[in-house]
Amino acid sequence: MASPSTAAATLSCSSSSWLHGFVGPTNEISKFPDKRIPMLVLAQKKAKKTRKIILKEDVIDLGKRGQLVDVKAGYYRNFLLPTGKAQIVTPGLFKEMQMEEERIEAEKKRVKEEAQQLALIFETVGAFKVKRKGGKGRQIFGTVTAQDLVDIIKAQIQRDVDKRIVSLPEIRETGEYIAELKLHPEVTAQLRLNVYAN
């Protein structure tokens, strides 16, 4: 067995020759070694380049207020964040958005159901009677307007209706007509009008 002093000398000698292989002779520091040792480079995980954000206001070519979109991190960091047009979606914010969306959907459904019930009422009432001053034959003086129909609905079934949703054919003589009320984007009620002369 080698003594500790010879082992240290061997280690010192071998480590200096090992170091010499990389650096070269100690007096030639700037000179590269003749033997190149291949170096292993490990790739790092790619950085996340997009961000999931919610828009606080409408952004042209990106989306509407309240919309959830994916954008490049730089676009968010350099434009959307400083101008206050968007914010990063956190789990809490995402849950809050879902609850708000569900509330809005429930409200839309309720409004549509109310419109359908009102349409059913209008269609089961029968004909609304409109009295006008008569002229020759079936002619009447003047015409029946949307405001006339709104007033008649208020008087007969105590419902307030906006005259802007009323669509009437041109009525210039006695007879039966069909008027339409656009109660909802998906619900239209048809009313029968019985126009007669007094």
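Sequence order sets the numbering: in each chain, residues are counted from 1 along the sequence as written. Local features in this predicted model are restricted to residues of pLDDT 70 or higher, and side-chain atom pairs are both shown and tallied only at a pLDDT of 80 or more, whereas totals for entire chains, interfaces and linings draw on every residue. By convention in this description, side-chain values take in all heavy atoms of the structure and omit both hydrogens and water.

### What to know about the overall build of the protein chain
Link 1 in the chain: Assigned secondary structure in the protein chain consists of 4 helices and 7 strands.
Link 2 in the chain: Secondary structure elements are defined from DSSP: runs of H or I of at least 4 residues count as helices, runs of E of at least 2 residues count as strands, and each element is numbered from the N terminus. When its helices and strands are written in sequence order, the protein chain yields α-β-β-α-β-α-β-α-β-β-β.
Link 3 in the chain: Only protein chains enter the accessibility calculation, which uses a 1.4 Å probe; a residue whose area is less than 20% of its type maximum is buried, one above 50% is exposed, and one in between is partly exposed. Looking at the 198 residues of the protein chain, the share that counts as buried comes to 23%.
Link 4 in the chain: In this description, contact between two residues means that some pair of their heavy atoms is separated by no more than 4.5 Å. A separation threshold of at least 6 residues defines the contact pool for the protein chain, and within that pool the share at least 24 residues apart is 47%.
Link 5 in the chain: Element-wise, carbon and sulfur atoms account for 56% of the exposed surface of the protein chain, whose accessible area totals about 15,300 Å². Areas reported here follow the Shrake-Rupley algorithm with a probe of radius 1.4 Å; residue values treat only the protein chains shown as occluding.

### Focus: the sheet that holds strand β4 (residues 127–132)
Link 1 in the chain: One requirement defines pairing of two strands: DSSP has to find at least two bridges between them. Taken together, 4 strands build an open sheet; the order of strands is β4-β7-β6-β5 and the sheet is mixed. Each end of this open sheet is capped by a strand with a single partner; those strands are β4 and β5 (166–167).
Link 2 in the chain: In this structure, strand β6 (residues 175–184) lies alongside strand β7 (residues 187–197), joined through 9 bridges in antiparallel fashion. Of the residues in β7, the one forming a bridge with glutamate 180 is glutamine 190.
Link 3 in the chain: Set on the sheet, helix α3 (residues 91–124) makes contact with β4, β6 and β7; between it and β7 the angle comes to about 25 degrees.
Link 4 in the chain: Simply put, an axis is a line fit to the C-alpha atoms, just over the touching stretch for a helix, and the angle between two N-to-C directions goes from 0 to 180 degrees. In this fold helix α4 (residues 146–157) packs onto β4, β5, β6 and β7, with an angle of close to 120 degrees to the strand it touches most, β4.

### A short note on the pattern of salt bridges
A side chain with one charge can pair with a side chain of the opposite charge if their charged atoms come near.
Link 1 in the chain: One speaks of a salt bridge when a side-chain nitrogen belonging to Lys or Arg is within 4 Å of a carboxyl oxygen belonging to Asp or Glu. Tallied over the full model, the rule gives 13 salt bridges.
Link 2 in the chain: A salt bridge links lysine 112 to glutamate 186; the shortest N-O distance between them is 2.6 Å. Residue lysine 112 is found in helix α3, and its partner glutamate 186 is found in the loop between β6 and β7; the two are separated by 74 residues along the sequence.
Link 3 in the chain: Residue classification places lysine 112 among the partly exposed residues on the basis of a relative accessible area of 26%.
Link 4 in the chain: Accessibility expressed as a relative area gives 57% for glutamate 186, which makes it exposed.
Link 5 in the chain: Ionic pairing is found between arginine 132 and aspartate 148, a salt bridge with its closest N-O pair at 2.5 Å. Taken together, the positions of arginine 132 in strand β4 and aspartate 148 in helix α4 put the pair 16 residues apart, joining distant regions of the chain.
Link 6 in the chain: A network of salt bridges, in which partner residues are shared, links Glu107, Arg110 and Glu114.

### Re the layout of surface pockets
Link 1 in the chain: Note on definitions: the grid is 1 Å and covers protein atoms alone; a cavity is a set of points where a 1.4 Å probe fits but cannot get out; a pocket is an open set with protein on both sides within 12 Å along at least five of seven lines; lining residues have an atom within 4 Å of a point. Grid points are joined across faces, edges and corners, and a volume is the space filled by probe spheres set on the points. The calculated volume of the largest pocket comes to roughly 250 Å³.
Link 2 in the chain: Taken together, 14 residues line the largest pocket, and the ones lying closest to its centre are Ile54, Leu55, Gly66, Met97 and Glu100.
Link 3 in the chain: Of the residues forming the lining of the largest pocket, the biggest block, 6 residues, is contributed by α3.
Link 4 in the chain: Side-chain classes are defined by residue name, with Ala, Val, Leu, Ile, Met, Phe, Trp, Tyr, Cys and Pro counting as nonpolar, Asp, Glu, Lys and Arg as charged, and the others, Gly among them, as polar. When grouped by side-chain class, the residues that make up the lining of the largest pocket number 6 nonpolar, 3 polar and 5 charged.

### Here we look at the UniProt feature "coiled-coil region" (unreviewed entry) in the protein chain
Link 1 in the chain: UniProt positions are given in the numbering used here, feature names are shortened, and annotations may be inferred rather than shown by experiment. When the UniProt feature table is mapped to this numbering, "coiled-coil region" (unreviewed entry) covers residues 94–121.
Link 2 in the chain: Summarising residues 94–121: 100% helix, 0% strand, and an end-to-end C-alpha distance of 41 Å.

### A look at the sheet that holds strand β3 (residues 86–88)
Link 1 in the chain: Reading across the sheet, the 3 strands line up as β2-β1-β3 and stay open at both edges, with antiparallel pairing between neighbours. Looking along the sheet, the strands with just one partner apiece sit at the ends: β2 (68–72) and β3. The sheet shows a mean angle of 45 degrees between the axes of neighbouring strands, direction not considered.
Link 2 in the chain: The pairing of strand β1 (residues 50–55) with β2 spans 5 bridges and is classified as antiparallel. The residue of β2 that forms the bridge with isoleucine 53 is valine 69.
Link 3 in the chain: The strands touched by helix α2 (residues 73–83) within the sheet are β1, β2 and β3, with β2 carrying the most contacts at an inclination of about 100 degrees.

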